[in-house]
Amino acid sequence: MKILVASSEVLPYSKTGGLADMVGALAKFLARAGHQVGVVTPLYGGLREKLPGLRPLDWNLDLPFGSARVAGNIWTLEPSPGLTFYFIEQKAFFERGDLYQERGFDYPDNAERFVFFSKCVVHLARYLPWQPELVHLHDWQTALAALLVLDQKLREGWTAAPLVCLTIHNLAYQGQFPAAKYALTNLPDSYFRPEGVEFYGLLNCLKAGISYADQITTVSPRYAREITTEPLGCGLDGVLRRRQHVLLGILNGVDYDEWKTEGNPHLPFSYTIKDLSGKQTDKSALQRECGLPEAPDIPLFGTVTRLAEQKGVDLQLAALQEMLAGDMQFVLLGSGQREYERGYRRLAERYPSKCAVQIGFDTGFSHRLEAGCDFYLMPSRFEPCGLNQMYSLRYGTTPIVRLTGGLDDSVIDISEDADKADGIKFIECSVRALSKAIRKALVLYPDKPLLRHYQRNGMARDFSWETAAAAYASLYQRIRAGQ
Ligand code: ADP
Ligand code: GLC
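Presented here is an overview of the structure given in this document. (Residues numbered from 1 in each chain as written. Chains lettered and ligands numbered in written order. Predicted model: local features only at pLDDT ≥ 70, side-chain atom pairs only at ≥ 80, totals over all residues. Heavy atoms only, no water.)

## Here we look at the site of ligand 1
- Residues in close proximity to ligand 1 total 20 residues, the closest being Lys15, Gly18, Arg306, Lys311 and Gly360.
- In the environment of ligand 1, an oxygen atom lies 2.8 Å from a nitrogen or oxygen atom belonging to the side chain of lysine 311.
- Protein contact buries 94% of the 560 Å² of open area that ligand 1 shows by itself.
- Those elements that place two or more of their residues in the shell around ligand 1 are helix H1 (18-32), strand E16 (300-307), strand E17 (329-336) and helix H13 (388-394).
- Top contributing element to the shell around ligand 1 by residue count: E16, with three residues.
- For the shell around ligand 1, the residue count by class is six nonpolar, eight polar and six charged. (Near = heavy atom within 4 Å. Polar contact = N/O pair within 3.5 Å; in protein donor to acceptor, adjacent residues only side chain to side chain. Areas by Shrake-Rupley, 256 points an atom, 1.4 Å probe, with all protein chains shown as cover. Helix = DSSP H or I, 4+ residues; strand = E, 2+ residues; numbered from the N terminus. Nonpolar A, V, L, I, M, F, W, Y, C, P; charged D, E, K, R; others polar.)

## Here's the deal with helix H9 (residues 277-290)
- For H9, spanning 14 residues, the distance from its first C-alpha to its last is 20 Å, which sits close to the expected 20 Å at 1.5 Å a residue.
- The complete set of buried residues in H9 reads Gly278, Lys279, Asp282, Lys283, Ser284, Ala285, Leu286, Gln287 and Cys290.
- Buried residues in H9 make contact with E16, E17, strand E18 (355-359), helix H12 (363-372) and helix H16 (448-460).
- Backbone geometry just after H9 places glycine 291 at a positive phi near 75°. (Expected span 1.5 Å × (residues − 1). Buried < 20%, exposed > 50% of the residue type's maximum accessible area, 1.4 Å probe, protein only. Contact = heavy atoms within 4.5 Å.)

## Considering the site of ligand 2
- Not every one of the 13 residues close to ligand 2 is listed here, only the nearest: His169, Asn252, Glu383, Cys385 and Gly386.
- Between asparagine 170 and ligand 2, the recorded distance is 3.4 Å, taken from a side-chain N or O atom to an oxygen atom.
- For ligand 2, whose accessible area on its own is 310 Å², the fraction buried by protein is 93%.
- Residues that form the shell around ligand 2 fall into these classes: five nonpolar, six polar and two charged.
- If you count residues domain by domain, the shell around ligand 2 takes at least three from each of domain 1 (2-253 + 466-480) and domain 2 (277-462). (Domains from an automatic or database assignment.)

## Brief notes about the nonpolar core
- The biggest cluster of nonpolar side chains holds 121 residues, and the ones touching the most others in it are Phe87, Ile88 and Ile210.
- Of the residues forming this core, the biggest block, 10 residues, is contributed by helix H4 (residues 110-127).
- Lining this core are residues from two domains, each supplying at least three of them: domain 1 (2-253 + 466-480) and domain 2 (277-462).
- Discounting chain neighbours no more than four positions away, the residues touching isoleucine 210 are Leu166, Ile168, Leu171, Ile216, Leu236, Val239, Leu240 and Arg243. (Core = buried A, V, L, I, M, F, W, Y, C linked by side-chain atoms within 4.5 Å.)

## A closer look at the side chain of threonine 305
- By the element assignment, threonine 305 lies in strand E16.
- Setting aside anything within four residues of it in sequence, one finds threonine 305 in contact with Lys311, Val313, Leu332, Leu333, Gly334 and Ser335.

## Let's talk about the environment of leucine 286
- As for its placement among the helices and strands, leucine 286 is situated in helix H9.
- Overall, leucine 286 belongs to the buried group, its relative accessible area being 1%.
- As a C-alpha pair, leucine 286 and arginine 368 span 82 residues in sequence and 6.7 Å in three-dimensional space.
- Setting aside its immediate chain neighbours within four residues, leucine 286 contacts Leu300, Phe365, Arg368, Leu369, Gly372 and Cys373.

## Quick look at the pattern of salt bridges
- Counted under the stated rule, the structure contains 26 salt bridges.
- A salt bridge links glutamate 89 to arginine 48, with the nearest nitrogen and oxygen atoms 3.4 Å apart. Taken together, the residues span a long stretch of sequence, with glutamate 89 in strand E6 (residues 83-89) and arginine 48 in helix H2 (residues 47-50) at a distance of 41 residues.
- Residue arginine 439 is joined to glutamate 322 by a salt bridge in which the shortest nitrogen-to-oxygen separation is 3.3 Å. Linking arginine 439 in helix H15 (residues 431-444) with glutamate 322 in helix H10 (residues 313-323), this pair joins segments that are 117 residues apart in sequence.
- Residue arginine 439 is classed as partly exposed on the basis of its relative accessible area, which comes to 39%.
- Salt bridges linked by common partners bring Arg222, Glu226, Asp408, Glu416 and Lys425 together as one network. (Salt bridge = Lys/Arg side-chain N within 4 Å of Asp/Glu carboxyl O.)

The quantities given are spatial measurements derived from coordinates; they are silent on function.
Here you go:
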C-alpha cells in the first residue's frame, strides 16, 4: 500500500520520547515489507547540517493561515528503498533549541506550529504525485489533519482523499488551545462544537483526530480499553466510547537492529541468552562509569525516563529514600520537571555510594544502563505502551512494573505464569506497593537459578516490529476494504 506517516518526531532524526522510536520503526518496517512509505516531519534546527543527503523539493509551500499565509520548504531524504522522508522547513516555527518546550514551559506558539504542520501533512497527502492511499497520523501534533482531509473532501471535491488512521500514543497530551486559535485552521465554524473539535470552550487537536479519523489505534490493547473509562480517559473517554467500533490497540514493537546485546556499538561487552558473562562485565563498567563501588553481588536497579508525573517518579523517589538504606544500588538517567530533577539529585547526595543520577538525554548511556542493571524500575501511573520494559527484557534486566497499559501487556509476573515469568508486577499506585515489589526483587536476586529463569524468559520474548508492522498493514487493508 501507499502510506504517508506524519509525526512531530521520528528516529533517527528527532526524539523526546517513545513516539520517535515507534514512528521510526513502523515506517522502516512497513517499507521493508514492501509498502511505499513517506514520512512527514518538521525540519528541526541542526538537521540540515547533520544530513548532507537532504535534497530540496521543487515545491514551495504557501498555505492559508487564518487571515495570513505561511510559507515553507520541503526537503527529502530516501534512507532506504521505499522509504522517503519529507522534512518541512519553516525556520520561525521549527528551528528552536527543543521540540515542544523551553525550560519546562511549552512554547507559546505551539498551536501555530502544529496547526501549520498539520496543514502541510494534508497538502502533501493531496498533491504528492504518488498519491498516498492512507495517512497515518500520530498524536495531537498531527491529529487535526484528520478533519482537514475530511473538510477538503466535502467542500473542495477531493474525491481521491486518502483514508486516515490516528494513533494515540498518550491521551494525556491533547493539544488544547484557546478558541481563538481555531481561526488558524481556516475551517468552517460548524466543526467547533462538542461533537467536533471543541472541548469545554477550547480547541482540542487530539479530539479532532478522534472525532474524524477513519480508524483510531493506540499502542497496547490494555490501554485501548483503559482510555474508554473515566479514570484514564483524560476527559475524552465519552468521545472514545462513541468511536469504540474503530478503536484498536496494537502493542508497539522493539527495533532489534538498535536494541541488541551483541554487536551493539553502545555496549562495552556483548552477551547472549546462552552466555550472560558479558552482562556481568557491563554491570561493572556501568558501576565504574557512575562512580559506584564495583560490587558484582549487589543488585543494581535502574531507570531511564522522562521525569514526569505519568512515570510515577515521585513514588519511586519516596520508595528509594527508604529502600536504599538496604544493600542495593540505583542509577537514574532522566530529565524533565525541575522538582524531580532536584529530588533525584538530593537522593544521590544522600546515598553517594549507592545512587547515581544523570540528568540529561543520552542514548548511549541509556543502552549501557539497560544492559548493566539487574532490575529495571517502571512504576508508571499509566503507560500507553512503554518501551523500556521491553528493552529491559531483551537485555536480561528484569523489569519491575506497575500493572497498567502496555506494561501489563508486555511483562509476565510469576503469579500469571510461573514457567514464563519474566518480570515483577505490582497493582496499587503507592510507595508501599512499589517498595514491596523492590523487596521481591531483593529476594529473587540471590536465587541465581530463578533469576536466570526470569532473564532467559525475558531475553527470549519477541516483540519484533515485523509483527507489529504486519498488524498495522493488515489493519490498513481492512479499513480500505471498509470492514
Ligand atoms: P515515553 O515515550 O512516555 O517517554 P517510552 O517508554 O515509550 O516512554 O519511551 C521512552 C524512550 O525515550 C525510550 O527509548 C527511552 O530509552 C528514551 N529516553 C527517555 N528518557 C531518556 C533519556 N534521558 N536519555 C536517553 N533516552 C531516554
Ligand atoms: C508515548 C507513551 C509511551 C509509548 C510511546 C510510544 O510516549 O507515553 O507509553 O510507549 O508513546 O508509543
